[in-house]
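# Topology and contacts: notes
Read off the chains here:
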Amino acid sequence: MQPNDLKKILSSGLLSFPITDFDAQGDFNKKSYIERLEWLSPFGASALFAAGGTGEFFSLTPQEFPEIIKTAVDTCKGQVPILAGVGGPTRVAAAYAKEAEKAGAQGLLLLPHYLTEASQDGLIEHVAEVCKATNLGVVVYNRANCRLTPDSLARLADRCPNLIGFKDGIGDIELMVSIWRKMGDRFSYLGGLPTAEVYAAAYKAIGTPVYSSAVFNFVPQLAMDFYHAVAADNFAEQNRMIDEFFLPYLEIRNRKAGYAVSIVKAGARLVGHDAGPVRAPLTDLTAEECDMLDKLIKKQAK
């Protein structure tokens, strides 16, 4: 897929990050992962991000990564495009980019590098090196220690024709407006805050109607219904779902750091699509928290 074709796909619709399946020993469970993708694919997401943040990219081994991406590509071929999460130190991220392209991914999401702070010049070089390593379209994830300014993105746009997307995980509206006004339609813009639904209407108002949904992993129809309510500016329906589901959901998610992933895996298990435990350093929900989530999910089914 050409980068500009991917850009068009990412400019509308709902996106999501499938969780990565592990068995009881914590090893990649290919069979369960295939079944998960087969279940989720027909619900209508515009694209899926394999081995993304919700897919626990940060805990995967280099040996597991290409198998996970290839499994996703082969399973979803002809149904939904697969973007691969890549990240880590610059040369490691570039190597992952090459592996993902070899495995058949249609695009890449460049996750933040690890640990060290960096200047804007350093971040530009990091992103540019990864873009140079692949022919695939690249979406850069502005989050944590990768916070690009409008001027830095403009410099990257000139250097990297295959940098086609910008995903925001910070929530700085002033920065987002500045980027949108400076870069216009050079990028596709994605909302990427955890539980993005609660920010969706605000982001749509500033030119970012596309976002990625974590809850799509266990309540895919609810996630799609909410997206359609946002697209139609149906605020009454949005507010109903926020009050009845998303705000109580956030109360559970916010109990511990890292629960943005753990709660999604718990939800998948509760609806009959168990993906196994999270890997350290994340921790699974407690029995009490799982019971709270189970009651919330069942309430939506009534």
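Quick summary incoming for the structure in this document. All values derive from a computational prediction rather than experimental measurement.

So, about the sheet that holds strand β8 (residues 210-213). Overall, parallel pairing links the 8 strands, which are arranged β1-β2-β3-β4-β5-β6-β7-β8 in a closed barrel. Each strand of the sheet is rotated relative to its neighbour by a mean of 30°, with strand direction disregarded. Examined bridge by bridge, strand β5 (residues 137-142) and strand β6 (residues 163-168) share 5 bridges and lie parallel to one another. Of the residues in β6, the one forming a bridge with Y141 is K167. Strands in contact with helix α4 (residues 90-103) are β3 (82-86) and β4 (107-110); relative to β3, the strand with the most contacts, it is inclined by about 160°.

All right, on to the nonpolar core then. If you look at the biggest cluster of nonpolar residues, it comprises 104 residues, and the most contacted ones within it are L10, F65, I69, L163, F218, F245 and Y249. With residues near it in sequence (within four places) discarded, F245 still touches V215, F218, V219, L222, L296 and Q300.

For Q300, the position within the fold is in helix α12 (residues 287-300). In sequence terms Q300 and S32 are 268 residues apart; their C-alpha atoms lie 25 Å from each other. Ignoring any residue separated from it by four or fewer positions in sequence, one finds Q300 in contact with L222, E244 and F245. For Q300, the side chain forms a polar contact with the main-chain oxygen of L296, separated by 3.2 Å.

Let us now look at the pattern of salt bridges. Under the definition given, this model contains 16 salt bridges. Residues D151 and K182 are paired through a salt bridge, measuring 3.3 Å at the closest nitrogen-oxygen approach. A residue pair is termed long-range when its members are at least 10 positions apart, and D151 in helix α6 (residues 150-159) and K182 in helix α7 (residues 173-183) qualify at 31 residues. Close ionic contact of K295 with D291 constitutes a salt bridge, the shortest N to O distance being 3.3 Å. Of this pair, K295 and D291 are both found in helix α12, 4 residues apart, which corresponds to roughly one turn of the helix.

Basis of the calculations
Residue numbers here run from 1 along each chain, matching the order of that chain's written sequence. Where local features are concerned, this predicted model is filtered to residues with pLDDT of at least 70; where side-chain atom pairs are given and counted, the filter is 80 or more; whole-chain, interface and lining totals use all residues. Water and hydrogen atoms were dropped before computing side-chain values, which therefore reflect all heavy atoms in the structure. When DSSP locates at least two bridges between a pair of strands, those strands are taken to pair. Only DSSP runs of H or I reaching four residues or more are called helices, and only runs of E reaching two or more are called strands; each is numbered from the N terminus. Axis lines are fitted to C-alpha atoms, over the contacting stretch for helices. Their N-to-C directions set the angle, which ranges from 0 to 180 degrees. Contact between two residues is taken to exist if any of their heavy atoms lie within 4.5 Å; hydrogens are not considered. By nonpolar core is meant a set of buried Ala, Val, Leu, Ile, Met, Phe, Trp, Tyr and Cys residues that side-chain atoms within 4.5 Å join together. Between buried and exposed lies partly exposed: a residue is buried under 20% and exposed over 50% of the maximum accessible area for its type, with that area taken using a 1.4 Å probe on protein chains only. Identification of polar contacts relies on pairs of N or O atoms within 3.5 Å, with a donor-acceptor requirement for protein atoms, meaning one able to donate a hydrogen and the other able to accept it, and with residues adjacent in sequence counted only if both atoms are side-chain atoms. Should a side-chain nitrogen of Lys or Arg be within 4 Å of a carboxyl oxygen of Asp or Glu, the pair is scored as a salt bridge.

By themselves, these figures tell us nothing about what the structure is for.
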